[in-house]
Amino acid sequence: MMRRIACMLLLVLIGCGARPAAAERLVVSLSKQQVAISSNFVGDELVLFGTIQPDGDKAALRTAYDLVVTVTGPRQTLRTRRKQRVLGIWVNVDSREFVRVPSYLGILSNRPVAEIASPDVLRRLQIGLGNFLLPQRIGTDIADTVNDDPFRQAFVHLQSQHGLYRESGSAVTFLTPAVFRAAIPLPADVPTGNYAIDVKLFAAGKLMARNNATLNVTKAGFEQYVANAAREHGLIYGFATMLMALLTGWVASVVFKRD
Amino acid sequence: MQIYLPIADMPVNIFLVLGMGLAVGYISGMFGIGGGFLMTPLLIFIGVSPAVSVASVASHIAASSFTGAISYWNRRAIDLALALMLLAAGILGTATGVWLFTMLRALDQLDLVIGLSYVTLLTVVGALMIYESVRAVLRARQGLPATIRRPGSHTWLHGLPLKVRFKRSKIYVSAIPVWAIGFTIGFVGAIMGIGGGFLLVPMLIYFLRVPTATVIGTSMVLTLITMASATVMHAATNHLVDAVLALILMIGGVVGAQFGARTGQKMRGEWLRLLLGLLVFAVGLRFAFELIVQPDDLYSIRYVRGE
């Protein structure tokens, strides 16, 4: 019992000590918390607004802040495969599984992340595509590899090509020294699910404050109806599609009947 | 005009897909084939995932072969007995093919096997058809009958036992090659995700000597039944049939098939076979090219599972 109390006291002390001396507070708000994919969806751009507020003394506010917004989509397990020439034809010979990695990853900041903080801090806080943890299954282990691992590089490159992974040093703009906006682009084939948005405030290379928001991407209306029907009533959906095919074929033969 | 596909999870241009349906439908109506070997690669090319492409193309083929089958039925150009016997063997072939498909997928070499079977089948079948039809065309030029069909010109296939008479096609052949052909079509179809019409038509013509009058209609009935059941099976097991994509494809497909069937009936049989042979051969070469030439990106990503 005594030991537990001592532990708790120790935790409180450490917690207090770790608190930044000049305390800022981040207030953030998303332009919408729900993105609905309907039949005319071709991608979207969300805007995150925020202000930096003093936690107490107003004079504590500085003039130069840096901001990093990390958007992570629902986790997926993906396999990256490499082709090699075997007997004159290109064959997948080697592959690595990336376990529970974000299906969407946006790292948005007001200037290139390398200028915001030291490499140590960036690595610890997983800021930047090179520092974000992307665990691979290697044998029986699951671990992230070094940044220049060819599979990791190819994976990030391919995901970036599809607009699913991005790192932008200009997506966050400061409207006033204490008010900012961040543009979050969502590609047309954005994965559905829950997104976590983590906002970090830096000053002079140190993390000052942190806040987060959530975003939900779902199919809506007709799209949702079809997707649900396909998933939950596969057999009926299949028969309906088949009947639709037969009906279309029959209508065409009636319309085009030659007499 | 863009429309978002609910299962493929991506927007496509509705007119582009409609146009693809029209073009493939025209070809399928003209030659009496499903056109899956053309449509599936086209969909993959515009970015639809291979699994969704294969599953959705099945219903598109069902629609265009149904409209074709109706018009052939009205002209009494369908040998139902032959179609049903082929179908029974086809079901066995499909079951074997699905079993092998699952095994190869576990080994991560499915892409290669599909690629190689496309190349081999398409180039070989295409080349054989070109060779045969060019000879037929040349014979026709010299004023000889285009196809040699003397009563005594039976191959060894006709010497096999278990003979069956197919009245509509006016042939009397052993059931063994009929079952073998049906099994092969079902097996290949399951592995390659195609109806197999482009294989079935030449096989029926060359091995069984089914007359051109009934071969296309019979092939269409078979394609219709296999693709309609494939639609239901894909929907029930993989949940990958995109009904919106399928609808756009089939509207284009049935219209195209109607026009294609008219063109096909006006053409001479050997020219039709030559054209189909050239088309099949060209698609085969394209697949070969893909396997031989170094890809732009050696790496590719495959989805394993969600959270």
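Just so it is clear, the structure is predicted and the values come from calculations on it, not from any experiment.

The rules behind the values
Residues numbered from 1 in each chain as written. Chains lettered and ligands numbered in written order. Predicted model: local features only at pLDDT ≥ 70, side-chain atom pairs only at ≥ 80, totals over all residues. Helix = DSSP H or I, 4+ residues; strand = E, 2+ residues; numbered from the N terminus. Buried ≥ 20, exposed ≤ 12 C-beta atoms within 10 Å, placed from the backbone. Contact = placed C-beta atoms within 7 Å. Rg over C-alpha atoms; globule rule 2.2 N^0.38 Å. Pairing = 2+ DSSP bridges. Axes fitted to C-alpha atoms, helices over the stretch in contact; angles between N-to-C directions. Domains from an automatic or database assignment. Nonpolar A, V, L, I, M, F, W, Y, C, P; charged D, E, K, R; others polar. Expected span 1.5 Å × (residues − 1). Parallel < 35°, antiparallel > 145°, perpendicular 65-115°, else oblique. Left-handed = near helix turned anticlockwise from the far one by under 90°. Core = buried A, V, L, I, M, F, W, Y, C linked by C-beta atoms within 7 Å. Arc of directions from axis to C-beta. pLDDT = per-residue confidence, 0-100.

Each helix and strand counted, chain A has 6 helices and 14 strands in total. Evaluated residue by residue, chain A yields a buried proportion of 31% over its 259 residues. Here the analysis covers contacts within chain A between residues at least 6 apart in sequence; of these, 65% occur between residues at least 24 apart.

Turning our attention to the overall build of chain B. Scanning chain B from N- to C-terminus turns up 10 helices and 5 strands. Against the globule reference of 19 Å for 307 residues, chain B gives a C-alpha radius of gyration of 19 Å, in line with a compact fold. A principal-axis box enclosing the C-alpha atoms of chain B has dimensions of 65 × 40 × 40 Å. In chain B, which comprises 307 residues, the proportion classed as buried is 50%.

This part is about the interface of chain B and chain A. The interface of chain B with chain A comprises 49 residues on the first partner and 50 residues on the second. Looking at the side of chain B that touches chain A, the elements with two or more residues in it are strand 1 (2-5), strand 2 (10-13), helix 3 (50-74), helix 5 (110-141), helix 8 (212-237), helix 9 (243-266), helix 10 (269-292) and strand 5 (299-305) of chain B. By residue number, the principal contributor to the side of chain B that touches chain A is helix 9 of chain B, which donates 9 residues. Note that strand 5 (residues 75-86) of chain A and strand 5 of chain B share 6 bridges and pair antiparallel. Opposite T77 of chain A, over in strand 5 of chain B, you have R305 of chain B as the bridge partner.

What follows is about the pairing of strand 12 (residues 179-186) of chain A. Residue and element names in this part refer to chain A. Residues F180, A182, I184 and L186 point to one face of strand 12 and are all buried, whereas V179, R181, A183 and P185, pointing to the other face, are not buried. Note that strand 11 (residues 172-176) and strand 12 share 4 bridges and pair antiparallel. Residue pairing in the sheet places F174 in a bridge with F180 of strand 12. Taken together, strand 11 and the strand that follows it, strand 12, pair antiparallel across an intervening segment of 2 residues.

In spatial order, the strands read 9(A)-8(A)-6(A)-5(A)-5(B); together these 5 strands make up an open sheet with antiparallel pairing. Sheet topology places strand 9 (141-143) of chain A together with strand 5 of chain B at the edges, where each strand pairs with a single neighbour. Shown here is a sheet whose adjacent strand axes are inclined to one another by a mean of 40°, direction ignored. Pairing of strand 6 (residues 89-102) of chain A with strand 8 (residues 136-138) of chain A involves 2 bridges; the strand directions are antiparallel.

All names here are of chain A. Partitioning chain A into structural domains gives domain 1 (22-74 + 102-219) and domain 2 (221-252). Using only C-alpha atoms to locate each centre, domain 1 and domain 2 end up separated by 39 Å. If you look at the interface, domain 1 gives 5 residues, while domain 2 gives 5 residues. Residues of the side of domain 1 that touches domain 2, tallied by class, amount to 1 nonpolar, 3 polar and 1 charged.

Turning our attention to unusual backbone geometry. Its identity as a non-glycine residue notwithstanding, L87 of chain A has a phi of 50°, on the positive side. Positionally, L87 of chain A belongs in the loop between strand 5 and strand 6.

So, about helix 9 of chain B. A rise of 1.5 Å per residue sets the reference length of helix 9 of chain B, with its 24 residues, at 34 Å; its end C-alpha atoms lie 34 Å apart and thus fit the reference within 8%. Among the 24 residues of helix 9 of chain B, 19 are classified as buried, and the element is accordingly described as predominantly covered.

It is worth spelling out the sheet that holds strand 12 of chain A at this point. Residue and element names in this part refer to chain A. Strand order in the open sheet formed by 4 strands is 1-3-12-11, with antiparallel pairing between adjacent strands. Taken across any chain shown, the strands that pair with only one partner, and hence form the sheet edges, are strand 1 (24-30) and strand 11. Averaged over all adjacent pairs, the angle separating strand axes in this sheet is 25°, with direction ignored.

All names here are of chain B. Looking at the element boundaries, V124 is found in helix 5. Accessibility expressed as a C-beta count within 10 Å gives 13 for V124, which makes it partly exposed. Here the alpha-carbon distance between V124 and V280, two residues 156 residues apart in the chain, equals 9.1 Å.

Residue and element names in this part refer to chain B. Interhelical geometry of helix 5 versus helix 10 gives an angle of 150° and a closest axis separation of 7 Å. With respect to helix 10, the axis of helix 5 lies roughly antiparallel. Here the hand of the crossing between helix 5 and helix 10 comes out left-handed. Within the contact of helix 5 with helix 10, the residues separate by chemical class into 22 nonpolar, 6 polar and 4 charged.

Attention now moves to the nonpolar core. V69 of chain A together with A62 and L224 of chain B are the most contacted members of the largest nonpolar core, which has 148 residues in total. When residues of this core are assigned to domains, at least three fall in each of domain 1 (22-74 + 102-219) and domain 2 (221-252) of chain A. Filtering out sequence-adjacent residues up to four positions away, A62 of chain B remains in contact with M242, A245 and L246 of chain A together with L224, M227, A228 and T231 of chain B.

Moving on, we get to helix 6 (residues 234-255) of chain A. The terminal C-alpha atoms of helix 6 of chain A lie 31 Å apart, and with 22 residues this matches the ideal 32 Å at 1.5 Å per residue to within 8%. Among all positions in helix 6 of chain A, only G234, Y237, G238, T241, M242, A245, T248, G249, A252 and S253 of chain A are buried. Down the axis of helix 6 of chain A, the buried side of the element spans an arc of 150°, and every buried residue falls inside it. Opposite the buried face of helix 6 of chain A, at more than 90 degrees from it, the exposed residues are L235, V254 and V255 of chain A. Taken together, the buried residues of helix 6 of chain A touch helix 5 (221-232) of chain A together with helix 3, helix 8 and helix 9 of chain B.

Now for the environment of A77 of chain B. All names here are of chain B. Here A77 shows up in the loop between helix 3 and helix 4 (80-106). A count of 22 C-beta atoms within 10 Å places A77 in the buried class. Distance from A77 to A213, taken between C-alpha atoms, is 6.1 Å for residues 136 residues apart in sequence. When sequence neighbours within four positions are dropped, the list of residues in contact with A77 reads Y72, A213, T214 and G217.

Our focus in this paragraph is the confidence of the model for chain B. For chain B, per-residue confidence averages 82 on the pLDDT scale, and residues scoring 70 or more make up 93% of the total. Across the assembled chains, the prediction reports ipTM 0.80 with pTM 0.77.

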